[in-house]
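Residues per chain are reported as follows:
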Amino acid sequence: MSNKATAISQFEKFLKNDDKGILITGTHQYEKHKLAMAIIDKYYENANILFRINALQSITNRDFLGWAGVKKQPKAGEKIRIGRNFYQFDSFNYSGTWYKTDHKFDLAIIYPIDSLCREKDIKSIQDLYERKQIEKIILCSWTDKAEYDYSLFNDYFTNHIVYDALEEDPEYHKRVLEHF
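Residues numbered from 1 in each chain as written. Predicted model: local features only at pLDDT ≥ 70, side-chain atom pairs only at ≥ 80, totals over all residues. Heavy atoms only, no water.

Visitor: How should unusual backbone geometry be read in this particular structure?
Guide: Excluding glycine, most residues fall at negative phi; most peptide bonds, likewise, are trans. Residues Tyr111 and Pro112 are joined by a peptide bond in cis, for which omega reads -10°. On the secondary structure map, Pro112 appears in the loop between β5 (104–111) and α3 (114–119). In this structure, Asn46 is a non-glycine residue whose phi angle is positive, near 60°. Here Asn46 lies in the loop between α2 (32–43) and β2 (48–53). With a phi angle near 55°, Lys120 is a residue other than glycine that sits in the positive phi range. Relative to the helices and strands, Lys120 is located in the loop between α3 and α4 (123–131). (Helix = DSSP H or I, 4+ residues; strand = E, 2+ residues; numbered from the N terminus.)

Below, the structure is given as structure tokens:
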């Protein structure tokens with residue numbers, strides 16, 4: 001089974017089991033959150049999903065969500081349809097946006113968690129567990145660095161998926177490993 005097929009299979013199992021949190025890392029920098037969103041779209045319809053991002057300005061960037069037809073930056077808490085589901089956005093770097101989103105969600109995606117690793121700051125994740133009602137929480141990295149200590153998030157996930165670009169783009173995989 002390929003790395004992508006394995007990642008898909010593991011994520012599908014996560015969606016079907018009782019686990020609340022999952023961590024997705026690997027060299028596929030801009031594809032991990034997209035893979036999660038595509039699989040969610042396959043299994044959910046009209047779900048409410050919180051997308052906690054590092055900067056709301058990044059939402060329309062093609063590598064973040066521009067590929068999904070998001071052309072206008074939504075305001076924090078504004079509900080928009082992507083695929084078959086509804087998304088609300090807030091910033092994990094600015095707690096002032098957190099109260100603008102609903103209290104209850106089917107799923108939450110936190111991407112990219114890299115700055116949380118660097119800062120050793122998990123307040124934005126703690127908030128999801130303490131103040132929101134969310135069935136499933138997906139933590140996604142952008143670029144994995146050797147110095148990142150993902151054990152910082154151990155209390156917030158039970159499964160870890162590694163989605164590398166090795167099979168799909170070996171040169172890209174190599175560049176990511178060498179430069180980051």
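Visitor: Honestly, the environment of Ala55 in this entry has me stumped. Any pointers?
Guide: Along the chain, Ala55 falls in the loop between β2 and β3 (80–82). Separated by 39 residues in the primary sequence, Ala55 and Tyr94 have C-alpha atoms spaced 8.7 Å apart.

Visitor: Before we go on, may I ask you to explain a negative patch on the surface in this structure?
Guide: Where like charges cluster on the molecular surface, the negative patch consists of Glu167, Glu168, Asp169, Glu171 and Glu178. In this fold, Glu178 is placed in helix α5 (residues 170–179). The exposure class assigned to Glu178 is exposed, which follows from its relative accessible area of 51%. (Patch = residues over 30% accessible without salt bridge, like charges linked within 9 Å, V, L, I, M, F, W, Y side chains within 5 Å. Areas by Shrake-Rupley, 256 points an atom, 1.4 Å probe, with all protein chains shown as cover. Salt bridge = Lys/Arg side-chain N within 4 Å of Asp/Glu carboxyl O. Lys, Arg positive; Asp, Glu negative; His and termini not counted. Charge placed at Lys NZ, Arg CZ, Asp CG, Glu CD. Buried < 20%, exposed > 50% of the residue type's maximum accessible area, 1.4 Å probe, protein only.)

Visitor: Just to check I follow, could you spell out the packing of aromatic side chains for this structure?
Guide: Per the stated rule, a full pass over the model turns up eight aromatic pairs. A ring pair is formed by Phe11 and Phe14, whose centres lie 5.8 Å apart and whose planes are at 50°; its orientation type is tilted. Residue Phe11 and its partner Phe14 are both found in helix α1 (residues 3–16); the two are separated by three residues, about one turn of the helix. Taken together, a centroid distance of 6.4 Å and an interplanar angle of 20° make the contact between Tyr87 and Phe89 stacked. Every member of this aromatic cluster is reached through a ring pair, and the members are Phe51, Tyr87 and Phe89. Sitting over the face of the ring of Phe14, Lys136 holds its NZ or CZ atom 4.5 Å from the ring centroid. (Phe/Tyr/Trp six-rings, centres within 6.5 Å; stacked < 30°, edge-to-face > 60°. Lys NZ or Arg CZ within 6 Å of the ring centre and 35° of its normal.)

Visitor: Looking at this structure, I do not really get the nonpolar core. What am I missing?
Guide: The nonpolar side chains of a soluble globular protein tend to be buried, and buried together. Core analysis: the largest hydrophobic core is formed by 33 residues, its most contacted members being Phe11, Phe51, Tyr87, Phe89, Ile109 and Ile138. No other element matches α2, which puts five residues into this core. Excluding its chain neighbours within four sequence positions, the residues that come into contact with Ile138 are Phe11, Phe14, Ile22, Ile24, Ala36, Ile40, Leu107, Ala108, Ile109 and Ile110. Of all hydrophobic cores here, the second largest spans 20 residues; its members include Leu50, Ile110, Ile134 and Tyr150. (Core = buried A, V, L, I, M, F, W, Y, C linked by side-chain atoms within 4.5 Å. Contact = heavy atoms within 4.5 Å.)

Visitor: Please explain α5 as it appears in this structure.
Guide: Since one α-helical turn is 3.6 residues long, residues separated by three or four positions face the same way. Here α5 has its buried residues at Tyr172, His173 and Val176. Each buried residue of α5 sits inside an arc of 105° when the element is viewed along its axis, so together they form one side. Those residues of α5 that are exposed and angled more than 90 degrees off the buried face are Glu171, Glu178 and His179. (Arc of directions from axis to C-beta.)

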